[in-house]
Amino acid sequence: MSSYNNSACYSEARRVAIFGGTHGNEMSGVTLVNLWMKNSAEVQRKRVETKPFITNPKAVEKCTRYVDTDLNRAFTPENLSAPGGDDLPYEVQRAQEINRIFGPKGSPEAYDVIFDLHNTTSNMGCTLILESSKDHFNLQMMNYIKKAIAPASCLVLLNEHPLLKYSTSRSVAKHPVGLEVGPQPQGVLRSNIFEAMRVILKHALDFIELFNEGMEFPPCTVEVFRVSERIDYPRDANGNIIAMVHPNLQDGDWEPLNPGDPMFQTFDGKTIHYQGSGTVYPTFINEAAYYEKQQAFVTTRRETLVASAIRKA
Ligand SMILES: CC(=O)N[C@@H](CC(=O)O)C(=O)O
Ligand SMILES: [Zn+2]
């Protein structure tokens, strides 16, 4: 019996995957997953079967983000059901394979949890990315990890924006978790970033083990940063970028940005100010991979979510 009158039940989370190389040039995830594929003792738990998996081996081989198209945008219903076999773009074929192994997406057979390991060139520190504010299992996991790593910190980015949300590799799981750690240049390994990622994974797996052992987690609150708006670089009539991230904003991920604050600096030295309606928390500031996506940074708004008590069904 539960000691809380409002606890959410989730089935045991036995099948867990750790994805690396969804982007082939994000080296912490690639390296950790390769390491754990050789020897997975570190990521196994008594009641958890963990499968480390390289999702985009061709991109890893070439040390590039992707070969034909971004794998972390490819898990749409259209792609996952597209006929065409070998004629499809490589990442669409790969998405279908991953969906067969770890999904099918949205079905009871899908993996319980997928951690997808990413690095960013932005100064974001440790960031966990969620896709739903209603997944109390994941919210409890966030609370557990935050407490376990204190006084170090990790923030939670909530991407459930109707237009800005995308179809991620991890979205085939019942409980998708993105882990984004930076700053780390593309194709580069930094020991501090690698170790930070490793520690988060350890606590995440400990949480799942405790849950599977039957531990009940009391209600809690979790601070999240909800994706609000995509901000592009200023451009001329031909679409060419005419300004850079302003020095005051550069590396200022998660710092409040207020109306009137400097945002961009044109090549001839003019400052462009933020014109929004209130305080936002910018993140993914000057991420290298987002130039092709016309995104200089995203704004987020801070909110506190309530997670119900959870226990194993
Ligand atoms: C820099 C980077 O690749 N970020 C990830 C974020 C995520 O996993 O949601 C992406 O755009 O797919
Ligand atoms: Zn990535």
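Residues numbered from 1 in each chain as written. Chains lettered and ligands numbered in written order. Predicted model: local features only at pLDDT ≥ 70, side-chain atom pairs only at ≥ 80, totals over all residues. Heavy atoms only, no water.

**A word on the layout of surface pockets**
(1) Moving on: The computed volume of the largest pocket comes to approximately 200 Å³.
(2) Moving on: Lining the largest pocket are 15 residues; nearest its centre among them are Arg73, Asn159, Leu164, Tyr166 and Gln295.
(3) Moving on: Residue classes in the lining of the largest pocket are distributed as nine nonpolar, two polar and four charged. (1 Å grid on protein atoms, 1.4 Å probe; cavity = no way out; pocket = protein on both sides within 12 Å on 5 of 7 lines; lining within 4 Å. Points joined across faces, edges and corners; volume = space filled by probe spheres on them. Nonpolar A, V, L, I, M, F, W, Y, C, P; charged D, E, K, R; others polar.)

**Digging into the coordination of the zinc ion (ligand 2)**
(1) Moving on: Listed as protein donors to the zinc ion (ligand 2) are His23 (ND1), Glu26 (OE), Glu26 (OE) and His118 (ND1); their distances from the metal cover 2.0 to 2.4 Å.
(2) Moving on: Positions of the donor residues of the zinc ion (ligand 2) along the chain correspond to the pattern H-x2-E-x91-H. Here the residue His23 occupies a position in the loop between β2 (15-20) and α1 (27-38), and His118 occupies one in strand β4 (residues 113-119), the gap between them amounting to 95 residues. The residues His23 and His118 share a single accessibility class, namely buried. (Donors = N, O, S within 2.8 Å, 3.2 Å for Na, K, Ca; no water. Helix = DSSP H or I, 4+ residues; strand = E, 2+ residues; numbered from the N terminus. Buried < 20%, exposed > 50% of the residue type's maximum accessible area, 1.4 Å probe, protein only.)

**Quick look at the sheet that holds strand β9 (residues 243-245)**
(1) Moving on: Spatially, β9-β10-β11 is the arrangement adopted by the three strands of the open sheet, whose pairing is antiparallel. Looking at which strands have only one partner, the edges of the open sheet turn out to be β9 and β11 (271-273). Taken pair by pair, the neighbouring strands of this sheet meet at an average axis angle of 35 degrees, ignoring direction.
(2) Moving on: Bridging between β9 and strand β10 (residues 262-266) involves three bridges; their strand directions are antiparallel. Bridging across to β10, Val245 finds its partner in Phe264. (Pairing = 2+ DSSP bridges. Axes fitted to C-alpha atoms, helices over the stretch in contact; angles between N-to-C directions.)

**Here we look at the UniProt feature "binding site: substrate" (unreviewed entry) in the protein chain**
(1) Moving on: Taking the UniProt record as the reference, the feature "binding site: substrate" (unreviewed entry) is found at Asn72, Arg73, Tyr166, Ser167, Thr168, Ser169 and Arg170. These annotated residues cover 99 residues of sequence, but their C-alpha atoms sit close together, with the largest distance between any two at 10.9 Å. As for the annotated residues named above, the ones lining the largest cavity are Asn72, Arg73, Tyr166 and Arg170.
(2) Moving on: Its place among the elements puts Ser169 in the loop between β6 (154-158) and β7 (175-182). (UniProt positions renumbered as here; feature names shortened; annotations may be inferred.)

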